[in-house]
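Working through the structure, step by step
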Protein chains: 2
Amino acid sequence: MQEEIYVLRIGHRIERDKRVTTHVGLVARAFGAKGIFITNAENEIKSKIDQVTRIWGGPFICELIDVDWKKFISNWKNENGIIIHLTMYGLPVEEKIDEIRLRKEKKLVVVGAEKVPNELYYLSDYNISITNQPHSEIAALALFLDRFYSGKELSLKFSNAKLKIVPMERGKKVIESRI
Amino acid sequence: MQEEIYVLRIGHRIERDKRVTTHVGLVARAFGAKGIFITNAENEIKSKIDQVTRIWGGPFICELIDVDWKKFISNWKNENGIIIHLTMYGLPVEEKIDEIRLRKEKKLVVVGAEKVPNELYYLSDYNISITNQPHSEIAALALFLDRFYSGKELSLKFSNAKLKIVPMERGKKVIESRI
């Protein structure tokens, strides 16, 4: 339960953010989140993320949601979940991660696109920064999950993978399993 | 000298990868690389990255290069630099990072877009994976630099910053310095 962590992507801009939002989803999966919710995005993004889960394993859920992000967050809190907003203005991840890891509630990590509504800072239980420099919500999410799982996510095993990579010094080696 | 690490972004696709390549550049800067070279990309990307350096501090160089990536890599090696290629097919970063950190040569971390030419695997001194799952070159670069600098990059100070953030639990606090 402690490790039940989901991602909410808000502020996605149609077409413009297509690739960035897809990366956010793939990072959420690869770094051990259980799923991602994306507000107002193209079906194509969900297809791409689901396809990766089908081929490389899961479990991982991807849901496109129509409901307003505020409504979604307030539902999450009503079900006793907590909200962690990643922002360059927040407190350093190193300062807060142990406390967050110990919380028993279901966790929702919120990552926005370029500009995020001010209210989010007040609706969140934690505003957490991964450096106070402008960079990328993709990198911020990866680093947050890395610190949350203390690096263990780098050797995470996925279930029902059709393809698996055998790490190599040079070249590519992939094993196909028939399941 | 040991910490002289640069990034080379190859395979950028005009328009399509604009935002992703910009994120790669901003992550390179925020996570402590000295600069980024980008093959065949829009001026707009350089403007955006340079603007961040101007406002939030440096030093960080961003260069758009016209020369073929193979030529660039071979020049780098001729000047006794080493090449580290980030790829999901490579050896786990945890296995190799201590060795890489001890190398005295100038380092070039290569990150490709979707598909990378096979030759690169053979021209590189190291092919390194950040998980063997498909995700994002942005996240891969962030994690690689994080492991290279052992997390110290998260509190990196930049010189000549016009703006600095004061981390806060809620809201935004920015200090402007007149330099």
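Here the structure is a predicted model, which is why all the values come from computation and not from measurement.

**Some points on the overall build of chain A**
- Check the secondary structure of chain A and you find 6 helices and 8 strands.
- Reading chain A from its N end, one meets helices and strands in the order β-α-β-α-β-α-β-α-β-α-β-α-β-β.
- Expected size for 179 residues packed as a compact globule is a radius of gyration near 16 Å; at 16 Å, chain A falls within 12% of this value.
- On the principal axes, the C-alpha backbone points of chain A span a range of 50 × 35 × 35 Å.

**Considerations on the interface of chain A and chain B**
- Taken residue by residue, the interface counts 37 residues in chain A and 37 residues in chain B.
- For the side of chain A that touches chain B, the secondary structure elements donating two or more residues are helix H1 (18-30), helix H2 (43-56), strand E4 (82-92), helix H5 (119-123), strand E6 (126-129) and helix H6 (137-148) of chain A.
- In terms of residues, the side of chain A that touches chain B owes the most to one element, H1(A), which gives 6 residues.
- Within the side of chain A that touches chain B, the residues separate by chemical class into 21 nonpolar, 10 polar and 6 charged.

**Describing the relation of the copies chain A and chain B**
- At an RMSD of 0.0 Å, chain A and chain B line up after a rotation of 180° and a shift of 0.0 Å along the axis. Taken together, the rotation and translation describe the operation of a two-fold axis. No C-alpha of chain A approaches the rotation axis more nearly than that of A:Ala139, which lies at 2.3 Å.
- Both copies share a contact surface, since 100% of the interface residues of chain A are interface residues in chain B too.

**Here's the deal with the nonpolar core**
- In this structure, A:Leu141, A:Ala142, A:Phe144, B:Leu141, B:Ala142 and B:Phe144 are the most contacted members of the largest nonpolar core, which totals 92 residues.
- With residues near it in sequence (within four places) discarded, B:Phe144 still touches B:Leu86, B:Val93, B:Val109, B:Ile128 and B:Ile130.

Rules and cut-offs
- Residues numbered from 1 in each chain as written.
- Chains lettered and ligands numbered in written order.
- Predicted model: local features only at pLDDT ≥ 70, side-chain atom pairs only at ≥ 80, totals over all residues.
- Helix = DSSP H or I, 4+ residues; strand = E, 2+ residues; numbered from the N terminus.
- Rg over C-alpha atoms; globule rule 2.2 N^0.38 Å.
- Contact = placed C-beta atoms within 7 Å.
- Nonpolar A, V, L, I, M, F, W, Y, C, P; charged D, E, K, R; others polar.
- Least-squares fit on C-alpha atoms with pLDDT ≥ 70 in both.
- Core = buried A, V, L, I, M, F, W, Y, C linked by C-beta atoms within 7 Å.
- Buried ≥ 20, exposed ≤ 12 C-beta atoms within 10 Å, placed from the backbone.

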